[in-house]
Amino acid sequence: MKAFARLLARLVTTPSRTGKLRLVRDYLATTPDPDRGYALAALTGGLDLPGVKPALLRALVAERVDEVLFRLSYDYVGDLAETIALIWDGREDSDLPLSEVVHQLGTAGKVEAARVVAGLLDRFDASSRHALIKLATGALRAGLSARLAKTALADHGGVAVDEIEEIWHGLRPPYPELFAWLDGRGPRPAAVGHAPFRPVMLATPLADKDSEMLDPSDFAAEWKWDGIRVQVVCEQGTRRIYTRTGDEISAAFPDLSEALMFEGAFDGELLVRKGDGVAPFADLQQRLNRKTVDARLAARFPAFIRAYDILVWNGEDLRPLPFRDRRDRLETAVAALGSPRVDLSPLVTFDSWTALARHRAEPPDPVIEGLMLKRWDSPYLAGRPKGAWFKWKRDPFLIDAVLMYAQRGHGKRSSYYSDYTFGVWAADGTLTPVGKAYFGFTDEELLQIDRYVRENTTDRFGPVRAVRATRDRGLVVEVAFEGLNRSTRHKSGVAMRFPRISRLRWDKPPSEADTLEGLSALLPPA
Amino acid sequence: MERADMAANQTSLPPGAPPLLPRAEGLYCPAGDFFVDPVRPVARALITHGHGDHARAGHGAVLATPETLDIMAIRYGADFAGTRQAAGTGWTTLGDARVRFVPAGHILGSAQIVIETGGRRIVAAGDFKRGSDPTCADFEPVACDIFISEATFGLPVFRHPSPQHEIAKLLGSLSANPDRAHLVGAYALGKAQRVIRLLRDAGHDAPIYLHGAMARLCDYYVARGVTLGPLLPATGDGPRDRFAGQVILGPPASFGTPWARRFPDPVVAFASGWMGVRQRVRQRGVELPLVISDHSDWPELTATIADVAAEEIWVTHGREEALVRWCTLNGQAARPLHLVGYEDEPE
């Protein structure tokens, strides 16, 4: 338990991806079975323990700590799990294998749960207590995705992460056969049943020179919809919705999942319907990052799939077929389904790159972020094969805004003011913040902005500096973004999608930056 | 007995008047006409230790331990006060009070000030800790009528692990990340020297690099007999990778300055009692928290209250409410002493 607690503590404070990978890899390499298997399950959300409710923990602590002292402590710490872990007066500092802890938590009934948890808390130090509470409540929040944990596992075993994804959903904690394979002690586990995830095929951005060299007749084009890319699989009664990285999100979309009545696997875009059309991304966002969903929310933001491709149908693996043939099969399959929850992504017909560029400039729906180009003869391959698929995104929106606040970054950027809040002119002549950006600039530009911020600070609030921004003096930044939505949470009333700094306009006086009125004109109709 | 004491007391204080009073400038003793750790310039100041929020420049007269006077001279210049008097180990008489300085175990030269007046003994403990620390004298409990306790870590969530355990974490990270510089944030007075000394005691004998703000105070500790091993300035030109796998000590605020950019892929550590709370660790963007504190944690605070067996506890400087609550629950008279101008553990 100590090793697992140490891993969790370090993961939370390690900012870099490579640092997190190294921590998990080291843990897997040095921890015996079956403990590392349970840790992997905990990190990937695959540990199925009866959840202990926070109310039970509060009751346990109330038996041991004065209520006023607890309240004052909780006020200060601000996190219930951490407050309990710290305030619990453990009498021992012993260690137990993680598997033993999982076993105790997993087999305790509702009545015994309190006694079991209290007994474990008594035995551990603060760090292990914290890890225990997180395991017991099911809210691990380890600061890394399931995908990253699997990547560390793949590194550990010297295989590609997609090989693990493909067999993952047929495996159960503590994954003895998986570790046996990765350690060279056994065969690769078979990917049978359980509606496995198939690694997705990805596109490369279309560069200007590409289109000159490519023959338009070799390619199909379709709209790139602004939802999230998913894979839906129904096999032998098991239905799953996966993100493009193989994380399962079925539980958050029961409305969709229940409607999937077929035998096969589609690749498509997860979207929300609004009337006859497609709702903007902000509506889909209401349904993302949830463990479950209530009926009211599901009814208000009904989810559906716009199918791009078909991977498996009635037991036949269609991935080796060329896109042309898969497309025929996809159209037949979607038509046969006749479900309002699955429709077809229409193809865009064109005969020249110029014609296609016109389509791209004037898409028929605001929830389109560009075009996809797919070679008619391309099989469905994992990863990003060269020259097969291209994405040709719409040009981003651009505005000129004025830098208002700068905050120091984290990790490697902790000595740089690298997170910027920028604003545009409101009707009353003041600057209103409209967004934040922390990338898009070069290292050289970062140095320049950092120097500018330090030399033009007008106020400080902890790690944040207010920067000189008047009509004649200030730094104008060109901000690129993918779309604009209404927001009740921001004073300006707008929220940008994916904003980044595209250019520094040292040449431009702040008075010539854009206005909130001008920006608001880009909002979708209410 | 009480009458005789009153006769000896030449001031006109009414009987039962508190021997010390909180005032805007700091804690005032009417019988001796002095302040303890005043936050504004006063005629006569008694200073518990050299941290900036306790020891300020510009007083008329200062009485403090020789080390505290030296530290103030290093920080503010030799003329930091009108007159400077070093407290010995015995009593010093001031008006109708007498005072004595007793080690507080906080940093080099830190002292509790024992004040006797009107037949009562008050101990203003200043900042203190109970664990042993090779860079300063250990805290000595003094039985008294009124004990004035700090409460920087006055919540039951603060139970500091052993500093050796925390130093082992730092050494473990050094060997696991030999390609990365280890930037350890530590307050320049006390914490920095203690971290260095803990590293030395754990067998780390490589040079330790110092931010310029730390050099003079480290030199002073060495001059007072605290061996710190090889120390080098973390400045100047040279290949970046000379800092790989090395320990660099600086004030935490320096990590946000261009100075910090010379280090390869740094692991940012911070040595502080606050690092026991993960929410704080995350707020500060610290990668390697080291829970090393120069203040008492909750068990030390409550044990000290039991040790001094005072009639009344006055709680100041931090989370007064919780410590007063604990006293009440344990049948100990206590009240918060609201002073202005003191900060949390300085950073």
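Residues numbered from 1 in each chain as written. Chains lettered and ligands numbered in written order. Predicted model: local features only at pLDDT ≥ 70, side-chain atom pairs only at ≥ 80, totals over all residues. Heavy atoms only, no water.

**Observations regarding the pattern of salt bridges**
So, point 1. Under the definition given, this model contains 54 salt bridges over all chains.
So, point 2. E166 of chain A is paired through a salt bridge with R319 of chain A; the nearest N and O atoms lie 3.9 Å apart. With E166 of chain A in helix α11 (residues 161-168) and R319 of chain A in the loop between β8 (316-317) and α17 (323-337), this pair connects stretches of sequence that are 153 residues apart.
So, point 3. You can call E166 of chain A partly exposed: its relative accessible area is 25%.
So, point 4. Where D294 of chain B meets K129 of chain B, a salt bridge forms, and the shortest distance between an N and an O atom there is 3.6 Å. (Salt bridge = Lys/Arg side-chain N within 4 Å of Asp/Glu carboxyl O. Helix = DSSP H or I, 4+ residues; strand = E, 2+ residues; numbered from the N terminus. Buried < 20%, exposed > 50% of the residue type's maximum accessible area, 1.4 Å probe, protein only.)

**Observations regarding the interface of chain A and chain B**
So, point 1. The partner chain B presents 35 residues to the 33 residues of chain A that form the contact.
So, point 2. Both sides together, the interface formed by chain A and chain B hides about 2900 Å², and carbon and sulfur atoms give 54% of it.
So, point 3. Among the ionic pairs, D450 of chain A bridges to R261 of chain B, the shortest N-O distance being 2.6 Å.
So, point 4. Connecting chain A to chain B are twelve residue pairs in polar contact (both at pLDDT 80 or more). (Contact = heavy atoms within 4.5 Å. Buried area = accessible area lost by both parts, 1.4 Å probe. Polar contact = N/O pair within 3.5 Å; in protein donor to acceptor, adjacent residues only side chain to side chain.)

**Here we look at the confidence of the model for chain B**
So, point 1. Overall, the predicted model of chain B reaches an average pLDDT of 90, with 93% of residues at or above 70.
So, point 2. Contacts from residues 340-347 of chain B, a stretch scored under 50 in pLDDT, to residues over four places away or in other chains number 33 contacts. (pLDDT = per-residue confidence, 0-100.)

**What to know about unusual backbone geometry**
Residues and elements named next belong to chain A.
So, point 1. At the junction of D33 and P34, the peptide bond is cis and its omega measures out at -5° in the coordinates.
So, point 2. Mapped onto the fold, P34 is located in the loop between α2 (17-30) and α3 (35-43).
So, point 3. For the bond from P173 to P174, the omega torsion is 0°, close enough to zero to count as cis.
So, point 4. By the element assignment, P174 lies in the loop between α11 and α12 (176-182).
So, point 5. Unlike most non-glycine residues, R141 shows phi in positive territory, near 40°.
So, point 6. The residue R141 is located in the loop between α9 (126-137) and α10 (146-157) in this model.
So, point 7. The class for R141 is exposed, based on a relative accessible area of 61%.

**Some remarks on the sheet that holds strand β15 (residues 247-250) of chain B**
All names here are of chain B.
So, point 1. The six strands lie next to each other as β14-β13-β15-β12-β16-β17, forming an open sheet whose pairing is parallel. A strand with exactly one partner marks an edge of an open sheet, and here the two such strands are β14 (231-233) and β17 (288-290). Pairwise comparison of adjacent strand axes, ignoring direction, gives a mean angle of 30° for this sheet.
So, point 2. Running at roughly 115° to strand β13 (residues 208-210), helix α5 (residues 212-223) makes contact with β13, β14 and β15 of the sheet. (Pairing = 2+ DSSP bridges. Axes fitted to C-alpha atoms, helices over the stretch in contact; angles between N-to-C directions.)

**Some words on the domain arrangement of chain A**
So, point 1. When the domains of chain A are assigned, the result is domain 1 (2-137), domain 2 (204-393) and domain 3 (397-520).
So, point 2. Centre-to-centre, using C-alpha coordinates, domain 1 of chain A lies 40 Å away from domain 2 of chain A. (Domains from an automatic or database assignment.)

**Some words on the sheet that holds strand β8 (residues 97-103) of chain B**
All names here are of chain B.
So, point 1. Pairing is mixed in the open sheet, where seven strands are placed in the order β7-β8-β9-β10-β11-β18-β19. What marks the edges here is a single partner per strand, and that holds for β7 (92-94) and β19 (333-336). With direction set aside, neighbouring strand axes in the sheet form an average angle of 25°.
So, point 2. Sheet topology places strand β9 (residues 111-117) next to strand β10 (residues 120-124); five bridges connect them, and they run antiparallel.

**Observations concerning the packing of aromatic side chains**
So, point 1. Tallied over the entire structure, the rule returns 29 aromatic pairs over all chains.
So, point 2. Measuring from ring centre to ring centre gives 4.5 Å for F153 of chain B and W274 of chain B, while their planes differ by 50°; the resulting arrangement is tilted. On the criterion of sequence distance, the pair formed by F153 of chain B in the loop between β11 (146-151) and α3 (163-176) and W274 of chain B in the loop between β16 (267-271) and α6 (278-284) is long-range, its members being 121 residues apart.
So, point 3. Taking relative accessible area as the criterion, F153 of chain B reaches 0% and is therefore assigned buried.
So, point 4. With a centroid separation of 4.8 Å and an interplanar angle of 75°, the aromatic rings of F243 of chain B and F263 of chain B are classed as edge-to-face. Remark: F263 of chain B occurs in the loop between β15 and β16 and F243 of chain B occurs in the loop between β14 and β15; sequence separation between them is 20 residues. The exposure classification of F243 of chain B matches that of F263 of chain B, with both residues buried.
So, point 5. The cationic tip of K374 of chain A hangs over the ring face of W389 of chain A; the distance from NZ or CZ to the ring centre is 4.2 Å.
So, point 6. Above the face of the F281 of chain A ring, R497 of chain A is positioned so that its terminal group lies 3.9 Å from the ring centre. (Phe/Tyr/Trp six-rings, centres within 6.5 Å; stacked < 30°, edge-to-face > 60°. Lys NZ or Arg CZ within 6 Å of the ring centre and 35° of its normal.)

**A look at the packing of helix α8 (residues 110-123) of chain A against α9 of chain A**
Residues and elements named next belong to chain A.
So, point 1. Where α8 meets α9, the closest approach of the two axes is 8 Å, and the angle between their N-to-C directions is 160°. Classified by the interaxial angle, the pair formed by α8 and α9 is roughly antiparallel. Counting all contacts with α8, which are made through V117, L120 and L121, the residues of α9 involved are R129, L132 and I133.
So, point 2. In the contact of α8 with α9, the residues fall into five nonpolar, no polar and one charged. (Parallel < 35°, antiparallel > 145°, perpendicular 65-115°, else oblique. Nonpolar A, V, L, I, M, F, W, Y, C, P; charged D, E, K, R; others polar.)

**Some remarks on the domain arrangement of chain B**
Residues and elements named next belong to chain B.
So, point 1. For chain B, the assigned domains read domain 1 (2-157 + 295-336) and domain 2 (163-290).
So, point 2. The gap between the C-alpha centroids of domain 1 and domain 2 is 31 Å.
So, point 3. Counting residues at the interface gives 18 residues for domain 1, matched by 15 residues for domain 2.
So, point 4. Summing both sides of the interface, domain 1 and domain 2 together bury roughly 1600 Å²; the carbon and sulfur share of this comes to 68%.
So, point 5. The largest share of the area that domain 1 buries against domain 2 comes from I74, L108 and T135, three residues that together contribute 33% of it.
So, point 6. The tally of links between domain 1 and domain 2 comes to two salt bridges.
So, point 7. For D133, the salt bridge identified is with R194, shortest N-O distance 3.4 Å.
So, point 8. Here domain 1 and domain 2 share seven residue pairs in polar contact (both at pLDDT 80 or more) between them.

**Concerning helix α7 (residues 298-308) of chain B**
So, point 1. Residues of α7 of chain B that are buried include every one of W298, E300, L301, T302, T304, I305 and V308 of chain B, and no others.
So, point 2. Where the residues of α7 of chain B are buried, they touch α5 (67-77) of chain A together with β11, β18 (312-318) and α8 (320-329) of chain B.
So, point 3. Measuring from the backbone nitrogen of E300 of chain B back to the side-chain oxygen at the start of α7 of chain B gives 3.1 Å, which picks out D297 of chain B as the cap.
So, point 4. Two residues or fewer past α7 of chain B, A309 of chain B is found with a positive phi of approximately 45°.

**Focus: the environment of V157 of chain B**
So, point 1. By the secondary structure assignment, V157 of chain B is in the loop between β11 and α3.
So, point 2. In this structure V157 of chain B comes out as buried when scored by relative accessible area, which is 3%.
So, point 3. Considered as a pair, V157 of chain B and P299 of chain B are 142 residues apart in the sequence and their alpha carbons are 10.0 Å apart.
So, point 4. Setting aside chain neighbours within four positions, we find V157 of chain B in contact with S73, V77, T83, L86 and I87 of chain A.

**A look at the side chain of S339 of chain A**
So, point 1. Within the secondary structure, S339 of chain A sits in the loop between α17 and β9 (342-344).
So, point 2. Relative accessible area serves as the criterion here: at 15%, S339 of chain A is assigned to the buried category.

**Describing helix α19 (residues 443-455) of chain A**
Because an α-helix packs 3.6 residues into every turn, residues spaced three or four apart end up facing the same way.
Residue and element names in this part refer to chain A.
So, point 1. Between its first and last C-alpha, α19 extends 19 Å over 13 residues, near the 18 Å set by a 1.5 Å rise per residue.
So, point 2. Along α19, the positions that sit buried rather than exposed are L446, I449, D450, Y452 and V453. Buried residues of α19, viewed axially, fall in a sector of 165°; they line one side.
So, point 3. Buried-residue contacts for α19 involve β13 (397-408), β14 (417-425), β16 (457-461), β17 (464-467) and β21 (500-505). (Expected span 1.5 Å × (residues − 1). Arc of directions from axis to C-beta.)

**Let's talk about the nonpolar core**
So, point 1. The biggest cluster of nonpolar side chains holds 107 residues, and the ones touching the most others in it are L43 and L178 of chain A together with F147 of chain B.
So, point 2. Setting aside its immediate chain neighbours within four residues, F147 of chain B contacts Q112, V123, A125, F128, F139, T304, V308, A310, E312, I313 and W314 of chain B.
So, point 3. L174, L210, L228 and A269 of chain B belong to the second largest nonpolar core, which has 33 residues in total. (Core = buried A, V, L, I, M, F, W, Y, C linked by side-chain atoms within 4.5 Å.)

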